[in-house]
Amino acid sequence: MLDGILGDTLDWPFFEPRHRHFAQTLADWADATLPGLPHEDVDAACRARVTALGEGGFLRAVVPEAYGGLAPALDVRTLCLAREILAARDGLADFAFAMQGLGTGAISLAGSEAMKAKILPGICEGTRIAAFALSEKEAGSDVAAMATTAVADGNAHIRIDGEKSWISNGGIADHYVVFARSGEAPGARGLSAYLVEAGTPGLEISERIDVIAPHPLATLRFDGCRIPVENRIGAPGEGFKVAMATLDIFRATVGAAALGFARRALHESIAHASRRKLFGGTLGDLQLSQAAIADSAAEVDAAALLVYRAAWTKDRGAARVTREAALAKMVATENAQRVIDRAVQIHGGLGVTRGVKVEELYREIRALRIYEGATEVQKIVIARDLLKAQAGRAGA
Ligand code: COS
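Report follows, based on the coordinates. (Residues numbered from 1 in each chain as written. Predicted model: local features only at pLDDT ≥ 70, side-chain atom pairs only at ≥ 80, totals over all residues. Heavy atoms only, no water.)

In this section: the packing of aromatic side chains. The full count for this structure, using the stated rule, is six aromatic pairs. Each ring, one from Phe-15 and one from Tyr-308, has its centre 4.9 Å from the other, and the planes form 65°; the classification is edge-to-face. A residue pair is termed long-range when its members are at least 10 positions apart, and Phe-15 in the segment before α1 (17-33) and Tyr-308 in helix α7 (residues 287-315) qualify at 293 residues. Comparing Phe-15 with Tyr-308 shows no difference in burial state: the two are buried. Three or more aromatic residues link up through ring pairs in this structure, and these residues are Trp-12, Phe-14 and Trp-312. (Phe/Tyr/Trp six-rings, centres within 6.5 Å; stacked < 30°, edge-to-face > 60°. Helix = DSSP H or I, 4+ residues; strand = E, 2+ residues; numbered from the N terminus. Buried < 20%, exposed > 50% of the residue type's maximum accessible area, 1.4 Å probe, protein only.)

Structurally, Pro-64 is set in the loop between α2 (42-55) and α3 (76-89). What makes Pro-64 buried here is its relative accessible area of 9%. Once the C-alpha coordinates of Pro-64 and Lys-116 are considered, the two residues, 52 residues apart in sequence, prove to be 9.5 Å apart. Not counting residues up to four positions away in its chain, the partners in contact with Pro-64 are Gly-69, Ala-71, Pro-72, Leu-74, Ser-108 and Leu-120. (Contact = heavy atoms within 4.5 Å.)

Rolled over the atoms, a probe sized like a water molecule indicates the empty space that remains. Size it by volume and the second largest pocket reaches roughly 550 Å³. Forming the boundary of the second largest pocket are 22 residues, of which His-39, Asp-90, Gly-91, Lys-357 and Glu-360 lie nearest the centre. Here the lining of the second largest pocket is built from residues that sort into nine nonpolar, three polar and 10 charged. (1 Å grid on protein atoms, 1.4 Å probe; cavity = no way out; pocket = protein on both sides within 12 Å on 5 of 7 lines; lining within 4 Å. Points joined across faces, edges and corners; volume = space filled by probe spheres on them. Nonpolar A, V, L, I, M, F, W, Y, C, P; charged D, E, K, R; others polar.)

Turning our eyes to something else, we now look at a positive patch on the surface. On the surface, a cluster of positive charge is contributed by Arg-189, Lys-241, Arg-320, Arg-384 and Lys-388. Residue placement: Arg-320 occurs in the loop between α7 and α8 (322-347). Given the relative accessible area of 59%, Arg-320 is considered exposed. (Patch = residues over 30% accessible without salt bridge, like charges linked within 9 Å, V, L, I, M, F, W, Y side chains within 5 Å. Areas by Shrake-Rupley, 256 points an atom, 1.4 Å probe, with all protein chains shown as cover. Salt bridge = Lys/Arg side-chain N within 4 Å of Asp/Glu carboxyl O. Lys, Arg positive; Asp, Glu negative; His and termini not counted. Charge placed at Lys NZ, Arg CZ, Asp CG, Glu CD.)

Turning to the pattern of salt bridges, a few remarks are in order. Side chains bearing opposite charge may pair, as long as their charged atoms lie close to each other. Tallied over the full model, the rule gives 27 salt bridges. Glu-207 serves as the salt-bridge partner of Lys-137, at 3.5 Å between the closest nitrogen and oxygen. Here the residue Lys-137 occupies a position in the loop between β1 (130-133) and β2 (149-153), and Glu-207 occupies one in strand β6 (residues 203-208), the gap between them amounting to 70 residues. By relative accessible area, which is 36% here, Glu-207 ends up partly exposed. Between Lys-357 and Glu-360 there is a salt bridge, with its nearest N and O atoms 2.9 Å apart. In this pair, Lys-357 and Glu-360 are both assigned in helix α9 (residues 357-366), three residues apart and thus about one turn of the helix distant.

For the rest of this paragraph, the subject is helix α10 (residues 375-395). The end-to-end C-alpha separation of α10 is 30 Å, in line with the 30 Å expected for 21 residues at 1.5 Å each. Buried residues of α10: Thr-375, Val-377, Gln-378, Val-381 and Ile-382, and no others. The inward-facing, buried residues of α10 contact α6 (239-275) and α8. (Expected span 1.5 Å × (residues − 1).)

The next point concerns empty space enclosed by the protein. Inspection of the entire model under this criterion finds one cavity of 30 Å³ or more. Lining the largest cavity are Arg-60, Ala-61, Val-63, Leu-70, Ala-71, Ala-73, Leu-74, Asp-75 and Thr-78. When the residues that make up the lining of the largest cavity are grouped by side-chain class, the tally is six nonpolar, one polar and two charged.

Formed by 112 residues in total, the largest nonpolar core has its most connected members in Phe-97, Ile-160 and Phe-179. Sort the elements by how many residues they give to this core and α6 lands first, with 15 residues. If sequence neighbours within four positions are ignored, Phe-179 has contacts with Phe-132, Ala-133, Leu-134, Met-146, Thr-148, Lys-164, Ser-192, Ala-193, Gly-239, Val-242 and Ala-243. Formed by seven residues, the second largest nonpolar core is a distinct cluster that contains Leu-327, Val-377, Val-381 and Ile-382. (Core = buried A, V, L, I, M, F, W, Y, C linked by side-chain atoms within 4.5 Å.)

A few words on the site of the ligand. By nearness alone, 23 residues border the ligand, and Ser-141, Arg-189, Lys-241, Gly-373 and Arg-384 come closest of all. With respect to the ligand, the backbone of Ser-141 contributes an N or O atom lying 2.7 Å from a nitrogen atom. Arg-189 places a polar side-chain atom, nitrogen or oxygen, 2.6 Å from an oxygen atom of the ligand. When the ligand is considered free in solution it has 1000 Å² of accessible area, and contact with the protein chains removes 75% of it. Secondary-structure elements contributing two or more residues to the shell around the ligand are α6 and α10. The dominant element in the shell around the ligand, judged by the number of residues it contributes, is α6, at seven residues. A class-by-class count of the residues in the shell around the ligand yields 11 nonpolar, five polar and seven charged. (Near = heavy atom within 4 Å. Polar contact = N/O pair within 3.5 Å; in protein donor to acceptor, adjacent residues only side chain to side chain.)

Keep in mind these values describe shape, not function.
In structure tokens form, the structure reads like this:
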């Protein structure tokens, strides 16, 4: 049904034959499989998508080759293609895919061999569900302000206390990658990352959060939650860097998901404008509709170029792609919001009718401008990077 929705993107020089093969296989699988998966209960729907993506072999994209994955290190172009293709069809399938990666990215990047061997194979088989627990009610954008604490409890254990909120997969995850203040230094240099298995005494799902585009989401409460010291991910005090390096990979993929939603909205807009009869012609005959379609087409292509530029730059071996990833996320999510809003407008009353695809996309896109660094945070990241480069040139 959605054949050709990627347009000529796969012919771009960012991609290799393996990417084209992956994208076509996933698109065919998604068209055949996703419509048959359950939708009603959000937890069951999300679990079903993780299982199906695992059985289909697509979660191999979110772990390194040594643990069952597709490539020696996470290949960001493959992650982006997967999110774009899934988001264009089924927002919850994109979410399920993405969280398997975000909830293990820190482990893949900085975890011990024993931790990787224990956690990652189940992630790519779809038998284990992952979550990333960074945000707090008072510390979303300002990560260094987090209040959750991690203190030594004897030589062999760590005790975690505090609260994490808006945690995706909260309530259904098998483990949480938790960031907490371990106190080596004030601010960003005093945080560490930990693996906390679901069911660990002292970890409680204190609240389930209902959002406009339903996904499993929860507040977690840690009350004397005791974990073995081996569950620390990376060195003490390195948690902020681990979190940011994870986000450097996954922020571009949020842009890719937004791109998938936007492409679907443009596809629906063109189909509707070609079909809908009015004033003795079709909606597409009207120049104002043509202007809307042209603006959306330009915003989709601009977003795609930034997303795949960021992904390609990372895959070529760049140590940091902080600015490229922030640009991709900011532009792709903001553009997608406008593209989808135009699609709703083109659909008229139908566009705000429950059950119509563009109405669903209108709800799906909104959170992407907020999570994994709001647009305002991306602006800080981009401007700081450029100003720092200028200061470096001036000092040289
Ligand atoms: N990769 C590796 N290291 C990084 C990094 C990255 N992408 N970004 C920053 N660092 C390092 C810095 O180099 C710095 O190291 P040194 O102390 O050795 O110099 C350290 O981390 C602190 O960086 P910085 O001074 O930039 O920290 P700030 O507290 O000022 O960071 C922003 C501010 C806004 C950039 C950060 O808090 C952020 O990205 N916030 C949004 C977080 C987010 O996405 N929240 C949503 C949660 S997921 S739903």
